[in-house]
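# Breakdown of the fold
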Number of protein chains: 4
Amino acid sequence: MKVAIAGASGYVGGELLRILLSHPEVEVVQVTSESRAGKPVTRVHPNLRKRTTLKFSCLADLKPCDALFLALPHNKTASLMPALKQLAPLIFDLSADFRLKNIADYQKWYGYTHPHPELLTDFVYGIPELHREQIKTASYVAGAGCLATATILALAPLFQNNVVEPMVIVEGKFGSSAGGNHPSLASHHPERSQVVRTYAPTGHRHTAEVVQELSFHQVPQVHLTATSVELIRGILATCHVFLTQDLSDKDIWQIYRASYGPEPFIRLVSERQGIYRYPEPKLVAGTNYCDIGFERDPNSNRLVIMSAIDNLVKGAAGNAVQAFNIRMGWPETTGLEFCGLHP
Amino acid sequence: MKVAIAGASGYVGGELLRILLSHPEVEVVQVTSESRAGKPVTRVHPNLRKRTTLKFSCLADLKPCDALFLALPHNKTASLMPALKQLAPLIFDLSADFRLKNIADYQKWYGYTHPHPELLTDFVYGIPELHREQIKTASYVAGAGCLATATILALAPLFQNNVVEPMVIVEGKFGSSAGGNHPSLASHHPERSQVVRTYAPTGHRHTAEVVQELSFHQVPQVHLTATSVELIRGILATCHVFLTQDLSDKDIWQIYRASYGPEPFIRLVSERQGIYRYPEPKLVAGTNYCDIGFERDPNSNRLVIMSAIDNLVKGAAGNAVQAFNIRMGWPETTGLEFCGLHP
Amino acid sequence: MKVAIAGASGYVGGELLRILLSHPEVEVVQVTSESRAGKPVTRVHPNLRKRTTLKFSCLADLKPCDALFLALPHNKTASLMPALKQLAPLIFDLSADFRLKNIADYQKWYGYTHPHPELLTDFVYGIPELHREQIKTASYVAGAGCLATATILALAPLFQNNVVEPMVIVEGKFGSSAGGNHPSLASHHPERSQVVRTYAPTGHRHTAEVVQELSFHQVPQVHLTATSVELIRGILATCHVFLTQDLSDKDIWQIYRASYGPEPFIRLVSERQGIYRYPEPKLVAGTNYCDIGFERDPNSNRLVIMSAIDNLVKGAAGNAVQAFNIRMGWPETTGLEFCGLHP
Amino acid sequence: MKVAIAGASGYVGGELLRILLSHPEVEVVQVTSESRAGKPVTRVHPNLRKRTTLKFSCLADLKPCDALFLALPHNKTASLMPALKQLAPLIFDLSADFRLKNIADYQKWYGYTHPHPELLTDFVYGIPELHREQIKTASYVAGAGCLATATILALAPLFQNNVVEPMVIVEGKFGSSAGGNHPSLASHHPERSQVVRTYAPTGHRHTAEVVQELSFHQVPQVHLTATSVELIRGILATCHVFLTQDLSDKDIWQIYRASYGPEPFIRLVSERQGIYRYPEPKLVAGTNYCDIGFERDPNSNRLVIMSAIDNLVKGAAGNAVQAFNIRMGWPETTGLEFCGLHP
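Below you will find a few notes about this structure. Owing to the predicted nature of the structure, the values given are computational and were not obtained by experimental measurement.

## As for the pairing of strand β5 (residues 90-93) of chain D
Residue and element names in this part refer to chain D. The side-chain alternation of β5 yields two buried faces, one formed by Leu90 and Phe92 and the other by Ile91 and Asp93. Sheet topology places strand β4 (residues 67-70) next to β5; 4 bridges connect them, and they run parallel. Across the sheet, residue phenylalanine 69 finds its bridge partner in β5, namely phenylalanine 92. Across 3 bridges, the pairing between β5 and strand β7 (residues 140-142) is parallel. Considered in β7, the bridge of isoleucine 91 is made with tyrosine 140.

Here's what the structure looks like:
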């Protein structure tokens, strides 16, 4: 199966390339980058040395293929979509442009008027754990936001089972790769290294997605806060919710196991001893896992759920390949076997 | 003025020593460490090379002095207090043993029965911004907990002015020095480096202090969560509260300025541009500053207040010296002039 | 094929386990750890969650198997070897105990009298790039030291071709995992984080191996220096040699290509542009690659060769699996396909 | 005394400002930055909040003052020097433009033709430990390069006493602040974090200075190699030399003590126990110290000298203030009292 990646010089595009190059069912036939056209991909992604001799093309030179992965900027993707749809019968879009169902949310959270609202309904929201059945037959899949993925996976079982109050506070801690590959003063090593910087106390864009996906019984009040920490890859979402019923730890585990038991990429973390009692992004770096754990406050009805992913893998490229595998009927873990490193 | 430090081989004791060695009004005459007795302090605190030739003594050899700083373990300090009170007319205790007014809290949060409850009322809770008047005449000052200090300073003006709901969620992000100087698997570099580890989702001991100090009008519901991040020194407390009145940014700044305007060690951070718009622990490393800033959620009544301190300085040693300066009538910033580094 | 790992709770043992669990030709039947016997391996190596339900056994309970990997302490391994040889026809030993051919070197560099000198000749020195033919038929393979591997691979082509002076200075920069998993003050995060600590200016133990393996035409004068830097995995060996002939860059590349052209795990790095012009340990973390590059001093006959490996993979576990693949006649890269991450 | 800083928005300029703001003998009257003119300095250097309300001026608006500190780019400084000399009777230049005595070195090492060779002899090379007497009466002082400072201070006693061979290999390990404050892909956090990147294997510009300053008895052959490591501030220079005489450790200490005994900012590190046996940049961060230690190879005549400085302080701003203090006859440590942090 011949696949192409548009926008492959960025970090998400590079991860798509890394994963798809080792995927036994596909051949990566083309990768694009406007700024790096003509250059070997290994100059940008040196981990791929000895794995590929591909060079970047311009988007304008993109040829038809069997499946197309898009890692292009927000807003630009939406404008190009009608043309891109001519190139491949299957499209996996990793921008934000087709995640939201409510057209007004683009203006509110992203600050632009969506140029092709008529295409929104073509796309399935690409979290397999929630929308596997739809993905099986989808032609167009919209990848979820990275903090949104961590948050939704952490909270969906609770909201689905209607056992928590609508108000939720989510503290996302981010590695620097979430900011993309464009240098700026904020990402300049002497200024970025060793920080603990709450850069988005309120108003995080992924709020719209989280509200959309957790509205099982009512519209939740979702408060996201984003803090940069010293880390390259990874997100830890620490989610604070309040139980409406007096559930025991066992009850809560049962809810999570019922939702995620057979999921290949969800790991429920329930160690009682040692130092690895809760999810940590370091342990999932490079993998498609989402690790989930929780603690009930013995003194109140607060429940703290922690969820760790690699923002570039389960939060973007890996999740898209998982959806691709589902769509094609291949084993879901194909190409996504890396289990991560310790230490 | 002759001062001594009991427990000077730990990180807090080392900071006391660093600060007091450059304090123009005092002479450090004795420092104790049971495990390092007889060794030069520079073997443990190599930053003090060329500054002192002091050696550690045993606690049993501690001589009377004018002021005594205690950086001994919790529980042990309380047991020793009657004896220690014989040695100096002024005591600054940095353990948790004399912070709490409610004797039951020791059992509940620290898991021990306080051996000398009769001494609790002798101590002033040592946050100068809240208790300066009492400190001026106090003989015994109990240092506040580090996360407690960051949280209380962040929230006191709001609770004092009764403008927020009683429920507050505080996410503390911690550097590794907060765990002390005793090696363990949790602190082993390959296991600790690059982590984002929510190690205390609920049940943090400093809850008791925060509740005690913020109970101006009612007893607040304080939810603390502690996460280790890649950092040596510093705490960022990100505090989520909900306004009971529709206050503008300007109104809120006015509340903070009224409380903290002339405070020498509180810096209100209100940059609108650039990368340094909010408090960050990196900027206060080595200093006695507490930087405070906030953001109002434009879509709800949530207010996010951020507060950054160096856990070893404003969260421990520096704060104690500030209290000492107040008690002695010296300029409050004496010995605490270091302004921190950039980058 | 049934394999066992003795000493699997350490970092090298954990890597063996990670790699062998995904190796299509083998089944890991037993893993030992004295301190963790009876516990699931995932408590120690949490990256293996959802990959294995193995528990640690005691060494005393080790059953016969088809191949045995040893990640036990130096000296102890040598004592146990006669007994261990009864358990498996193939042994891959990752300790230092069977690397050196000269019995006196154990006293000189490791400070102990080798208990079984008669077994030394049974072992092949396990760097496939130098000893592939011997490994093909070996029953016993001794893994090379991590700094030794990086240094030998960097310098062998030059010494083999006799184009450099015998004196060489090698500066090895180390991540913290090279020190093993035992906590100490030196590895305590607040003390170890952010250091640049030349902890072994002279006298590094791997000197003996490097001298042994580079003595193609004469005995080289090898000066190793080891510096700890802020990193978990990886070694960069920066090697300074002096050319005895006036070789151009092209001549030198030719020498390296002649030696390593078809090697599956050597990558010669010769980018002239961009930021990835030289080898870097970060790029090989988790992989079995050794990246090699060089620069000729335009003002003298100095040649600087840089060589980067993951100390736990090409410097230990991965290299052993590579040797295992060679011995068994499987494709050399089996189980070692991970290409590393960017960024 | 009224001082000004030209080029105060960079990291060296920021350090000059930090130090001079607390210097009891001076008033900082003006600071310049072309890119930030009109903005408060605290927007760039947030550590100075509550310490100053200064704003940046344009260089063109610089007024006459008593002493002028220059932290402007190489080459540009030389062009401006005739005009700058009109503004102040004392100039401390931190660029490379007046460090070298041999005019041809500018072409060779910096790639430009010096516009004002006639001014070179006006400047004293600003390392106080070597040129204190000249500095006492100098009007113009040229700050030394950061790696040059660490290397020269490490090696001067040996070359002065003529006890080593002329060939020296110096491995400098660098924090990211040495690269300045201009963002680029090389300094982009995801690309720069966690690296061990030998970016200048040969040809480092500071070679010229080191040769110049160590030519006591003969012209040394200086080989510098520069490696970026994960660190913001600091340089460790690990210097390999070969003794021409059989000196004991004691002999070597005597040489160093004779040279540096009374020096206020040189600390000779000779711990035999513990983890702090050698110099480390982390311990001198923010300070004007240069820590020096060594180890003799018991198996050869190699001597390894380690030298640690903060590149922005002893390697630039602090060293300039030390020279300023000397020139003015103030105590040499004035304004430079900060002793660094542990941990």
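Resuming the write-up.
## Thoughts on the sheet that holds strand β14 (residues 302-309) of chain A
Residue and element names in this part refer to chain A. As summarised here, the arrangement of the 7 strands in space is β9-β10-β8-β11-β14-β13-β12, forming an open sheet in which the pairing is mixed. Two strands bound the open sheet, and with one partner strand each, they are β9 (197-200) and β12 (266-268). Taking each pair of neighbouring strands and ignoring which way they run, the sheet shows an average axis angle of 25°. Strand direction decides the pairing type here: β12 and strand β13 (residues 290-296), joined by 3 bridges, are parallel. Within β13, the residue paired with arginine 267 across the bridge is aspartate 291. Where helix α6 (residues 146-160) meets the sheet, it contacts β8 (167-174), β10 (221-228), β11 (235-242), β12, β13 and β14, and its direction lies at approximately 35° from that of β11.

## Observations regarding the sheet that holds β5(D)
Residue and element names in this part refer to chain D. Read across the sheet, 7 strands follow the order β3-β2-β1-β4-β5-β7-β6 without closing on themselves; strand pairing throughout is parallel. Either end of the sheet is taken by a strand with one partner, and the two such strands are β3 (56-57) and β6 (123-125). Where helix α1 (residues 11-21) meets the sheet, its contacts fall on β1 (2-6), β2 (27-32) and β4, and the angle it forms with β1 comes to roughly 165°.

## Some details on the side chain of Asp310(A)
Residue and element names in this part refer to chain A. Following the sequence through the fold, aspartate 310 ends up in the loop between β14 and α11 (317-328). Here aspartate 310 falls in the buried class, since its relative accessible area comes to 0%. At 2.7 Å, the side chain of aspartate 310 and the backbone nitrogen of glycine 286 are in polar contact. Ignoring any residue separated from it by four or fewer positions in sequence, one finds aspartate 310 in contact with Arg233, Gly234, Val284, Ala285, Gly286, Thr287 and Gly315.

## Re the interface of chain A and chain C
On the chain C side, the residues contacting the 40 residues of chain A number 40 residues. Counting the surface lost from both chain A and chain C, the interface buries some 3600 Å², and carbon and sulfur atoms represent 52% of this. Summed over the shared surface of chain A and chain C, the number is 4 salt bridges. In this structure, Glu271(C) and Arg43(A) form a salt bridge, with 3.0 Å as the shortest nitrogen-oxygen distance. At the boundary of chain A with chain C, the tally comes to 28 residue pairs in polar contact (both at pLDDT 80 or more). Mapped by element, the contributors of at least two residues to the side of chain A that touches chain C are α1 (11-21), α2 (41-44), β12 and α10 (281-284) of chain A. Residues belonging to the side of chain A that touches chain C are distributed by class as follows: 18 nonpolar, 9 polar and 13 charged.

## Examining the packing of aromatic side chains
Applying the stated rule across the entire model yields 57 aromatic pairs over all chains. A ring pair is formed by Phe324(C) and Trp330(C), whose centres lie 5.1 Å apart and whose planes are at 85°; its orientation type is edge-to-face. The exposure class of Phe324(C) is buried, given its relative accessible area of 0%. Judged by relative accessible area, which is 16%, Trp330(C) ranks as buried. Its end group placed over the ring of Tyr289(B), Arg267(B) keeps NZ or CZ at 3.9 Å from the ring centre.

## Considering the relation of the copies chain A and chain C
Overlay of chain A on chain C (RMSD 0.0 Å): rotation 180°, translation along the axis 0.0 Å. With respect to symmetry, the two chain copies, as superposed, fit the operation of a two-fold axis. Within chain A, Phe338(A) has its C-alpha nearest the rotation axis, a separation of 3.7 Å. Mapped onto chain C, 100% of the interface residues of chain A are again interface residues, and the two copies thus contact each other with one and the same surface.

## A closer look at the pairing of β10(A)
Residues and elements named next belong to chain A. Counting buried positions along β10 yields 7 of 8 residues, so the element is predominantly enclosed. In the sheet, β8 pairs with β10 via 8 bridges, with the strands oriented parallel. Following the sheet pairing, lysine 173 is matched in β10 by threonine 227. Pairing analysis gives 3 bridges linking β9 to β10, with the strands arranged antiparallel. Across the sheet, residue alanine 200 finds its bridge partner in β10, namely alanine 226.

## Things to note about the state of the cysteines
All names here are of chain A. Here the structure, examined in full by the defined rule, presents 0 disulfides over all chains. Of the cysteine sulfurs around cysteine 239, a residue in no disulfide, the closest is that of cysteine 290, at 9.6 Å. In this structure cysteine 239 comes out as buried when scored by relative accessible area, which is 0%.

## So, the pattern of salt bridges
For side chains of opposite charge, pairing can occur when their charged atoms come near one another. The full count for this structure, using the stated rule, is 68 salt bridges over all chains. With a closest N to O distance of 2.9 Å, Arg99(B) and Glu209(B) form a salt bridge. You can see Arg99(B) sitting in the loop between β5 (90-93) and α4 (104-110) and its partner Glu209(B) sitting in helix α8 (residues 207-214), a full 110 residues away along the chain. Salt-bridge contacts for Glu15(C) lead to Arg233(C); the nearest nitrogen and oxygen are separated by 2.9 Å. Taken together, the positions of Glu15(C) in helix α1 (residues 11-21) and Arg233(C) in the loop between β10 (221-228) and β11 (235-242) put the pair 218 residues apart, joining distant regions of the chain. Owing to a relative accessible area of 5%, Arg233(C) belongs among the buried residues under this scheme. Each of Glu15(A), Arg18(A), Arg233(A) and Asp310(A) takes part in one network of salt bridges that share partners.

Quick notes on the rules
Once a new chain begins, its residue numbering starts again from 1 and follows that chain's sequence as written. A letter from A marks each chain and a number from 1 marks each ligand, given out in the order of writing. Reporting in this predicted model follows two pLDDT cut-offs: at least 70 for local features of residues, and 80 or more for side-chain atom pairs to be given and counted; totals over whole chains, interfaces and linings ignore these cut-offs and use all residues. Calculated side-chain values reflect all of the structure's heavy atoms, with hydrogen atoms and water omitted. When accessible area is computed with a 1.4 Å probe and restricted to protein chains, residues below 20% of their type maximum are described as buried, those above 50% as exposed, and intermediate ones as partly exposed. Helix numbering and strand numbering both begin at the N terminus, where a helix is a DSSP run of H or I of at least 4 residues and a strand a DSSP run of E of at least 2. Pairing between strands is defined by DSSP: at least two bridges between them are needed. Note on method: axes are straight lines fitted to C-alpha atoms, helices fitted across the in-contact stretch only, with angles between N-to-C directions ranging 0 to 180 degrees. We call two residues in contact whenever any of their non-hydrogen atoms come within 4.5 Å of each other. N or O atoms closer than or at 3.5 Å make up a polar contact, with two conditions inside protein: a donor-capable atom paired with an acceptor-capable one, and, for residues adjacent in sequence, both atoms drawn from side chains. Accessible area, probed at 1.4 Å, shrinks when two parts are joined; the buried area is that loss added up over both. Here a salt bridge means any side-chain nitrogen of Lys or Arg lying within 4 Å of a carboxyl oxygen belonging to Asp or Glu. Gly falls in the polar group here, along with every residue not listed as nonpolar (Ala, Val, Leu, Ile, Met, Phe, Trp, Tyr, Cys, Pro) or charged (Asp, Glu, Lys, Arg). We call Phe, Tyr and Trp rings a pair once their centres come within 6.5 Å, taking the six-membered ring for Trp, and we label the pair stacked below 30 degrees between planes, edge-to-face above 60, and tilted otherwise. When the NZ atom of lysine or the CZ atom of arginine is within 6 Å of a ring's centre and also within 35 degrees of its normal, the charge is said to sit over that ring. For this overlay, a least-squares fit was computed on C-alpha atoms, restricted to residues scoring pLDDT of at least 70 in both copies. Disulfides are defined in this document as cysteine sulfur pairs within 2.5 Å.

Everything listed here is a matter of geometry and, on its own, says nothing about what the molecule does.
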